[in-house]
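Listed below, chain by chain, are the residues.
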Amino acid sequence: MTPQAKLIFITSLLLGSTITISSNHWIMAWAGLEINTLAILPLISKSHHPRAVEAATKYFLTQATASALVLFSSMTNAWHTGQWDITQLTHPTSCLILTSAIAMKLGLVPFHFWFPEVLQGSPLTTGLLLSTIMKFPPITLLFMTSPSLNQTLLTGMAILSAALGGWMGLNQTQIRKILAFSSISHLGWMAIIISYAPKLTLLNFYLYALMTSTVFLALNSIKTLKLSTLMTTWTKTPTLSAMLFLTLLSLAGLPPLTGFLPKWLIIQELTKQDMIAAATTISILSLLSLFFYLRLAYCATITLPPHTTNHMKQWRINNPTPIMIAILTTSSTMLLPISPMISTVI
């Protein structure tokens, strides 16, 4: 792909996201989502590998269906209430259809089936875009319509997402699929709190995007896609592998790392809302995710030679770690002390 084409697609991606985030009218939000979808498709299929083309096709079909549902939901609401404003979504049927559409856009259970397959067929850099920037417009729509949506339905989908995201990631050996199931699990944490404290959902999303970007960029830097090759990276880049280890533990939500902050605040808010059963369930289900994060962390740093991998040892290169990865890894592991400041803002 030529640099000019790549520039056009990236610009279109940012434009589509900006239109959806800043719009008040449903048609403008829908147009932004469509621009986003069309801009990311060439980036998914740029390698022309059959798996990449298959991923792009699956992504297109799912996102087109979700966009059609968004349009149908907004039209039904406008038909009954005369309102095209995003925040004025009041009709129950429209709310139900919109919840399904946004769940499909994000990859929430039971509409999660496309996400691991698409991520597996995409390059790491495109996978990073799919896991972070592409999820931001649907999250903002969910944020704006959250007072109208069915809280019980969202809680049920959230707990199922945390369960399936953790459970289905246990047996994976492909790192991109593990990160896809990790994303589904994190979306469960975001969806469970959206009706009660929408700002906490956004905080969780920002910190998740920060930590996932760190993991994707680190893996892209050491050119690793499978657990078996991850075992050989310690000899190549020991410092980066050590930071990757800490970032993965942060993504799992272990104190005293950054990832513990949103989970702590969400459990606190759920307890305040008398949802102790839901808080306990989702906390226990996050242990499933912890297992595969520990597995990744173990493969990245603790499997030192001699071990029984069939891969050839990689040369140790003294290239400096890119400054962007250094900043992101620091932020992904050391932001917990600022939590009192964040809690006063929220």
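As annotated in an unreviewed UniProt entry, the protein chain is NADH-ubiquinone oxidoreductase chain 2 from Garrulax cineraceus. UniProt, in the comment section headed Catalytic activity (unreviewed entry), describes the protein chain in these words: "a ubiquinone + NADH + 5 H(+)(in) = a ubiquinol + NAD(+) + 4 H(+)(out)". As recorded by UniProt, the Subcellular location (unreviewed entry) comment attached to the protein chain reads in full: "Mitochondrion inner membrane".

Let us now look at the domain arrangement of the protein chain. Splitting the protein chain by domain gives domain 1 (1–123) and domain 2 (150–345). Spacing between the C-alpha centres of domain 1 and domain 2 amounts to 24 Å. With 17 residues of domain 1 at the contact, the number on the domain 2 side is 19 residues. Carbon and sulfur atoms make up 75% of the area that domain 1 and domain 2 hide from each other, which totals about 1,500 Å². Counting the surface domain 1 buries against domain 2, the share from its top three residues, Leu108, Val109 and Gln120, is 38%. Taken together, domain 1 and domain 2 are joined by 1 salt bridge.

Per the UniProt record, "domain: NADH:quinone oxidoreductase/Mrp antiporter transmembrane" (unreviewed entry) is found at residues 23–289. In the segment residues 23–289, helix accounts for 75% and strand for 0%; the C-alpha atoms at its two ends are 35 Å apart.

Attention now moves to the UniProt feature "transmembrane region" (unreviewed entry) in the protein chain. As recorded in UniProt, the sites labelled "transmembrane region" (unreviewed entry) are residues 56–76, 96–115, 152–171, 178–197, 203–222, 234–255, 275–294 and 322–342. In residues 56–76, helix accounts for 100% and strand for 0%; the two terminal C-alpha atoms are 30 Å from one another. Helix makes up 95% of residues 203–222 and strand 0%, with an end-to-end C-alpha separation of 29 Å.

As a further point, take the side chain of Thr224. Along the chain, the position of Thr224 falls in the loop between α10 (198–221) and α11 (227–230). There is a polar contact of 3.2 Å between the side chain of Thr224 and the backbone oxygen of Ile222. Excluding residues within four positions of it along the chain, Thr224 makes contact with Leu124, Ile175, Leu219, Thr229, Leu230 and Thr233.

Turning our attention to the pattern of salt bridges. Note that side chains of opposite charge can pair when their charged atoms are close. Per the stated rule, a full pass over the model turns up 3 salt bridges. One salt bridge in this structure joins Glu54 and Lys58, with 2.8 Å as the shortest N-O distance. Of the two residues, Glu54 and Lys58 are both situated in helix α3 (residues 50–81); the distance of 4 residues between them amounts to about one turn of the helix. For Glu54, a relative accessible area of 39% translates into the label partly exposed.

Ranked by size, the top nonpolar core spans 96 residues in total, and within it Ile40, Tyr59, Leu130, Leu230 and Leu244 carry the most contacts. The residues that make up this core include at least three from each of domain 1 (1–123) and domain 2 (150–345). Once you skip the residues sitting within four places of it in the chain, Leu130 turns out to touch Ile40, Ile44, Tyr59, Phe115, Val118, Leu119, Ser122 and Lys135.

Along the polypeptide, Thr229 turns up in helix α11. A residue is classified by how much of its surface remains accessible, and Thr229, at 15% relative accessible area, is buried. When the C-alpha positions of Thr229 and Cys299 are compared, they lie 8.9 Å apart, and in sequence the two are 70 residues distant. Looking at Thr229, its side chain comes within polar contact range of the main-chain oxygen of Lys226, at 2.9 Å.

Moving on, we come to the environment of Ala66. Turning to its location among the elements, Ala66 is positioned in helix α3. The buried category is assigned to Ala66, whose relative accessible area is 0%. Measuring from C-alpha to C-alpha, the distance between Ala66 and Ala163 comes to 23 Å, with 97 residues separating the pair along the chain. Those residues within four positions of Ala66 in sequence are excluded, and the remaining contacts are Ala101, Met104 and Lys105.

Before going further, it helps to examine the packing of helix α13 (residues 260–272) against helix α14 (residues 276–302). α14 packs onto α13 with a crossing angle of 155 degrees between their chain directions and a minimal axis gap of 8 Å. If you check the angle between α13 and α14, you find them roughly antiparallel. Both α13 and α14 take part in a crossing whose hand is left-handed. Between α13 and α14, the residues in contact are Lys263, Ile267, Leu270 and Thr271 and Ile276, Ala279, Ser283 and Ser286, respectively. Tallied by class, residues from the contact of α13 with α14 come to 4 nonpolar, 3 polar and 1 charged.

Turning our eyes to something else, we now look at the packing of helix α9 (residues 175–193) against α13. It is the contact of α9 with α13, at a shortest axis distance of 10 Å, that shows an interaxial angle of 35 degrees. In the crossing of α9 with α13, the sense of the turn from one axis to the other is left-handed. Of α13, the residues touching α9 (which contributes His186, Trp189, Ile192 and Ile193) are Lys263, Ile266, Ile267, Glu269 and Leu270. Classifying every residue of the contact of α9 with α13 by side-chain character gives 6 nonpolar, 1 polar and 2 charged.

Looking now at α13. In a regular helix each residue adds 1.5 Å, so 13 residues correspond to 18 Å; α13 covers 18 Å between its end C-alpha atoms and thus fits that length. Residues Leu261, Pro262, Lys263, Leu265, Ile266, Glu269 and Leu270 constitute the buried set of α13. For α13, the secondary structure elements touched by its buried residues are α9, α10, α12 (238–252), α14 and α16 (339–345). Once α13 ends, the next one or two residues include Asp274, with phi positive near 65 degrees.

What counts, and where the lines are drawn
- Residues numbered from 1 in each chain as written.
- Predicted model: local features only at pLDDT ≥ 70, side-chain atom pairs only at ≥ 80, totals over all residues.
- Heavy atoms only, no water.
- UniProt positions renumbered as here; feature names shortened; annotations may be inferred.
- Domains from an automatic or database assignment.
- Contact = heavy atoms within 4.5 Å.
- Buried area = accessible area lost by both parts, 1.4 Å probe.
- Salt bridge = Lys/Arg side-chain N within 4 Å of Asp/Glu carboxyl O.
- Helix = DSSP H or I, 4+ residues; strand = E, 2+ residues; numbered from the N terminus.
- Polar contact = N/O pair within 3.5 Å; in protein donor to acceptor, adjacent residues only side chain to side chain.
- Buried < 20%, exposed > 50% of the residue type's maximum accessible area, 1.4 Å probe, protein only.
- Core = buried A, V, L, I, M, F, W, Y, C linked by side-chain atoms within 4.5 Å.
- Axes fitted to C-alpha atoms, helices over the stretch in contact; angles between N-to-C directions.
- Parallel < 35°, antiparallel > 145°, perpendicular 65-115°, else oblique.
- Left-handed = near helix turned anticlockwise from the far one by under 90°.
- Nonpolar A, V, L, I, M, F, W, Y, C, P; charged D, E, K, R; others polar.
- Expected span 1.5 Å × (residues − 1).

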